[in-house]
Amino acid sequence: MSTLIYTLLLFPLFGSLIIFTMPKNRSELFRPIALFVSMIPFGLCLYLFTNTKSKGSYIDIDTINWIQSYGINLTFGISGMSLLLLFLTAILTLLSFFSVTEKYSQSKGFIGSILVLHFAVNGVFLSGDLLSLFIFFEALLIPMYFLMGIWGGENKRYATIKFIIYTVFGSVFIFIGTVYAGVISYSSTGRLALDFITLSSISFTAEQSKTLFLLFTFGFLIKVPIFPLHTWLPDAHVEAPTAGSILLAGVLLKVGAYGILRVSIPFFTEGFIEYKFIIAVLSVIGIIYGAIVAIAQIDIKRLIAYSSVSHMGFVMLGISAGNYLSLEGAIIQMVNHGLTTGALFMLVGFIYERRHTRRISDFGGLKISMPKYAAIFLFCSFASIGLPGLNGFVGEFMILMGSYSTYKLLSGFAAFGVVLAAIYMLWAYQRMFTGEISISENQELKDLDTKEMISVVPLAVLMLFIGIYPSFVESYVAQDALVISNLIELFNGGLN
Amino acid sequence: MSTIGDIIGFNLIVIGPTLVLVATALLLLFCTITIETSVFIKQSITLMGILATIFTVFLKFGLFFTDGVSSYFSEKILLDEFSLFGNVLISLILLFNFTSIWNTSAEVKDKTTEAIILTLMSASGFMLMIDAENFMMLFIGLEIGSISLYALAGINRGDLLSNEAALKYFLLGSLASCVLVYGVALIYISLSISGFYDTAIAISYIGPPNVPLTTFIGFLLLVVGLLFKVAAAPFQSWAPDVYQGSPTGYVGYMASVAKVASFLVLCRLCVVSLRFVIDNFDLFFVVVVIASIFIGSFFATVQSDLKRLIAYSGVIQSGFILSGIVSGVNGTSASIFYMTAYVIQLIGIFIIFTVISGRLSSNFSIENISGLFVENKFLTICFSIFMLGLAGIPLTSGFISKFILITNLWSYESYLLVVILMLSTVAGFYFYLRPIWIAAIEKSESPVEKITLSRSHVLSLSVLAFATIYFGLLPNSLINISRWVIQNYL
């Protein structure tokens, strides 16, 4: 199993090295190589789905003795939740290689950076200790910096710096938390043991637990992002190139929520119980605020970016409610949001390549000239809204059901988020796709070609699959959700 | 029957590196003033000299493994882990700066050999400074090293900035030397001794509470003199001007060699001489560290000149290194790791600056470098690695050094310092990433001519960049070395 994990982790990096060392004049080969390279992690994830171990909660797979004199090890492990997120990363990377245009696919730096990003994200989801989690969490920034910096939009400099500074500011707290946890574990185990198994066996005092929870959660919440720390997100999404947005929304936002589920709650449960209500309130504000701001957007990419704030609010509400059902819902919603928003950003990228504008008012009546595109866009919008039978419904329903038992009033407010989602998505759809074609340039737009269909249809199929057969996904997150909710219950009982 | 040589501990191997460097410098001087010698021969002599220095360092290792820690020349010269480590580091600094120094010397007309002679002389001084067992020897070494550096800063006599740099460096540097030597005098007045080990023994003998105030003031002044050399705030005011004004090819050497020597002496001072009374200096060091972080971060953020930016970043890094030195022996070993990693990145950056200095006609304002590396992928990658290393991003040695240092600080319970140091890294991401952006991402408006790299530059840049990544991925070897240096004091 350890060979498998290392292949999953290192193969994208290996691929990026191949791309970087290739001669410039063979640029037509970059896309096939990238597709092949990203096919391997995708295949490995599919294989892992069949492994019975992957349905369980977190298990260590392998440990590397990294810095002997301090006793620091790097541990790698896997659980059902990380497997789902790894799969999400793999499929989004693979499909974004399909979807990018020639301009991007013939650039070494672009393809290479995405593969490095793939490597770093895999590292986050596979890491089994705080130090490697932090390392990969920060290493994400390097490829994102170049992706946004070189291939970004007009205002890229501002957006990139803002994104970097926000994330680094958050990760400083994660770093201090890691050091603090390391020093505590040193005093009880005699070495700087930061792996998850050791940490779960250390009993932190209430004071330590609260401090550590705050340190870690603050850093992760910036990445989620939660209101009012979300302001980097719209800028970053709008300025990033399409593939960058897909991965940013689809995967990088999950890194924050994943960190909270993997580190903050299990190890510092007392802190979580202390502060969960604040997180819940902020999440609900984020749900409503994100949705209302999304209604007012005139740029379709910005609209989807704000919808992410709203959807990630649902995820955080589910996490903060902290019972089995809501946690399951939150993890499933993470996957859902990755698929749906990834697909929506991809679709926006397609229309941007054709018209070089993203203003909603520049479109209108597109379903006459691009019927296939309109159909898929409507399908993804429905998934995003949470129409029963599609994936969004499953996640949001479970979150609302679960959180109702903990926060009755808050989940009532959160339910309005679903209504508001219908308003912003459908209104945007109405303005862009229905009616007569008023602008002549929209008359002769090409509909989606085969390459574009191949890159977006798999996501739509998955949305439908999760929508009608949610127990498949649920079976992979069940153990993780159970372990976390049991811990929370245990501490709740202990405190009362 | 032991000879007089045995009694005073006469041993040429111990001062071998210093002797070889001086001999090389004298040979070059001889060649310049007597026979017409081609540049190639002079370069070969220099290179042979540096290699011979490295060889004598090996001989010193041999001596150390047979004799252990021991002092020579009537307890003036010390052979211990610090001195060996410092010798190795300074020889490597010389080796890696060799090409830059020669390249720049070729541009400074008529003084081609002068610069290299001064470089070798200063290296010999700093070697002596690290080897010193006695505060007077320390002062002599420091002066031999520093005076050559003052001259090196001002070697470009036609350039006003270079003149300004040299004068500023000389005046402030001499003041610092005065402070240092006054400190040595005060220590000698109060304790009647001036050795590293002797003072420790004396302090433990009279008992830390009974140590006279003059001793403390003496040590304080000694430390201030050294802090000036490493450009820790509030003694940093010379650094930006000197970095900016001096010929670019020499700055990498000047900055790194003085830092390495002074920091190693500070380490030895803290773990040996002051080991029983180091707590009395806590407040002073904390103030210096915090001042360095704040002043460095603030000015680096608003800097528009690249060399000044690196100077202020050096102030911050000095704060980091100093914070480790004063927090216990483990912290000192973390600082040694940090310093080594930092020096590698610093030299790398200045090699790149030397390469591009011809294109910029010595104007290192940040707009001037826009689009400079877009065409040259190798320079972009190296520059990014060094800058990201300075910022401390994971997978580079900068991250490991920060992690070890912060962990030690936390276990030493300096929580305030941890928070301040970490917050400074956020500012660091702003000003370290900005040059990468401008040089590597932004397209230049005017066409830039292609930069061609000489083979030796490519080689040294590759080695330094590789070291930055290597110590970030597999830091074990360097950590073990840095722990070996302090092993006697654990």
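What you are looking at is a predicted structure, and each value in this text was computed from that prediction instead of being measured. (Residues numbered from 1 in each chain as written. Chains lettered and ligands numbered in written order. Predicted model: local features only at pLDDT ≥ 70, side-chain atom pairs only at ≥ 80, totals over all residues.)

Topic: the overall build of chain B
- Of the regular secondary structure elements, chain B holds 19 helices and two strands.
- Projected onto its principal axes, the C-alpha positions of chain B cover 70 × 60 × 40 Å.
- The 490 residues of chain B split such that 59% are buried.
- If you take every contact in chain B between residues at least 6 apart in sequence, the share linking residues at least 24 apart comes to 79%. (Helix = DSSP H or I, 4+ residues; strand = E, 2+ residues; numbered from the N terminus. Buried ≥ 20, exposed ≤ 12 C-beta atoms within 10 Å, placed from the backbone. Contact = placed C-beta atoms within 7 Å.)

Thoughts on the overall build of chain A
- From N to C terminus, chain A includes 21 helices and two strands.
- Against the globule reference of 23 Å for 496 residues, chain A gives a C-alpha radius of gyration of 22 Å, in line with a compact fold.
- For chain A, the spread of C-alpha atoms along the principal axes amounts to about 70 × 60 × 45 Å.
- When burial is assessed residue by residue, chain A has 60% of its 496 residues classed as buried.
- Taking as baseline every contact in chain A between residues at least 6 positions apart, the subset at least 24 positions apart corresponds to 80%. (Rg over C-alpha atoms; globule rule 2.2 N^0.38 Å.)

Some remarks on the pairing of strand β1 (residues 59–67) of chain A
All names here are of chain A.
- Bridging between β1 and strand β2 (residues 72–78) involves seven bridges; their strand directions are antiparallel. Residue pairing across strands places Ile67 opposite Ile72, the latter belonging to β2.
- Connecting the antiparallel pair β1 and β2 is a turn made up of four residues, with Gly71 showing a positive phi of about 65°. (Pairing = 2+ DSSP bridges.)

A look at the nonpolar core
- A:Leu347 and B:Ile93 are the most contacted members of the largest nonpolar core, which totals 364 residues.
- With 18 residues, helix α14 (residues 328–360) of chain B is the single largest residue contributor to this core.
- No fewer than three residues from each of domain 1 (1–267) and domain 2 (272–496) of chain A sit in this core. (Core = buried A, V, L, I, M, F, W, Y, C linked by C-beta atoms within 7 Å. Domains from an automatic or database assignment.)

A few points about helix α3 (residues 80–99) of chain A
- Relative to the 28 Å expected for 20 residues at 1.5 Å per residue, α3(A) spans 28 Å between its end C-alpha atoms, a close match to the ideal helical length.
- Counting buried residues in α3(A) gives 19 out of 20 residues, a clear majority hidden from the surface. (Expected span 1.5 Å × (residues − 1).)

As for the domain arrangement of chain A
All names here are of chain A.
- The domain boundaries assigned to chain A delineate domain 1 (1–267) and domain 2 (272–496).
- Computed over C-alpha atoms only, the centres of domain 1 and domain 2 are separated by 22 Å.
- The interface is formed by 43 residues belonging to domain 1 together with 44 residues belonging to domain 2.
- When contributions to the side of domain 1 that touches domain 2 are tallied by element, the ones reaching two or more residues are α3, α10 (206–223), α11 (232–239) and α12 (242–267).
- Here the side of domain 1 that touches domain 2 takes 14 residues from α12, the largest share from any one element.

With respect to the packing of α11(A) against helix α14 (residues 300–321) of chain A
Residues and elements named next belong to chain A.
- It is the contact of α11 with α14, at a shortest axis distance of 9 Å, that shows an interaxial angle of 140°. Judged by the inter-axis angle, α11 sits oblique to α14. Crossing of α11 over α14 shows right-handed handedness. Across from Leu233, Pro234, His237 and Val238 in α11, the residues of α14 making contact are Lys301, Arg302, Ala305, Tyr306, Ser308 and Val309. (Axes fitted to C-alpha atoms, helices over the stretch in contact; angles between N-to-C directions. Parallel < 35°, antiparallel > 145°, perpendicular 65-115°, else oblique. Left-handed = near helix turned anticlockwise from the far one by under 90°.)

Looking at helix α8 (residues 156–189) of chain A
- Taking 1.5 Å per residue, 34 residues should reach 50 Å; α8(A) reaches 47 Å between its end C-alpha atoms and fits that length.
- Remark: A:Gly190 follows α8(A) within two positions and exhibits a positive phi of approximately 85°.

Digging into the packing of helix α6 (residues 135–153) of chain B against helix α11 (residues 248–273) of chain B
Residues and elements named next belong to chain B.
- Two numbers describe how α6 lies on α11: the axes approach to 11 Å, and their chain directions differ by 165°. The angle between α6 and α11 places the two elements in the roughly antiparallel class. At the point where α6 passes α11, the crossing takes the left-handed sense. The segment α6 lies against α11, with Leu138, Gly145, Leu149, Leu152 and Ala153 engaging Tyr250, Met254, Ala258, Ala261 and Val265.
- The class makeup of the residues in the contact of α6 with α11 is nine nonpolar, one polar and no charged. (Nonpolar A, V, L, I, M, F, W, Y, C, P; charged D, E, K, R; others polar.)

Things to note about the interface of chain A and chain B
- With 25 residues of chain A at the interface, the matching set in chain B holds 23 residues.
- Broken down by secondary-structure element, the contributors of at least two residues to the side of chain A that touches chain B are α6 (130–139), α7 (141–151) and α8 of chain A.
- The element that contributes the greatest number of residues to the side of chain A that touches chain B is α8(A), accounting for 14 residues.
- For the side of chain A that touches chain B, the class distribution of residues is 19 nonpolar, four polar and two charged.

Here we look at unusual backbone geometry
- With an omega of -10°, the peptide bond between A:Val224 and A:Pro225 qualifies as cis.
- Considering the arrangement of structural elements, one finds A:Pro225 in the loop between α10 and α11.
- The omega torsion across B:Ala233 and B:Pro234 is 0°, close enough to zero to call that bond cis.
- In this fold, B:Pro234 is placed in the loop between α9 (213–229) and α10 (238–245).

Let's talk about the environment of A:Leu212
Residue and element names in this part refer to chain A.
- The residue Leu212 is located in helix α10 in this model.
- Residues Leu212 and Val263, 51 residues apart in the sequence, show an inter-C-alpha distance of 10.0 Å.
- Contacts of Leu212, omitting those with residues within four sequence positions, involve Gly177, Tyr180, Ala181, Phe204, Phe268 and Gly271.

Here's the deal with the confidence of the model for chain B
- The predicted model of chain B has a mean per-residue pLDDT of 88, with 97% of residues at 70 or higher.
- With a pTM of 0.92, the predicted complex shows an ipTM of 0.88. (pLDDT = per-residue confidence, 0-100.)

Section: the environment of A:Tyr47
- Checked against the element boundaries, A:Tyr47 lands in helix α2 (residues 30–49).
- Looking at A:Tyr47, the number of C-beta atoms within 10 Å reads 12, which means it is exposed.

Concerning the environment of A:Leu74
All names here are of chain A.
- In this structure, Leu74 sits in strand β2.
- For Leu74, a count of 19 C-beta atoms within 10 Å gives the class partly exposed.
- Not counting chain neighbours up to four residues away, the residues in contact with Leu74 comprise Ile64, Trp66, Asp129, Leu131 and Ser132.

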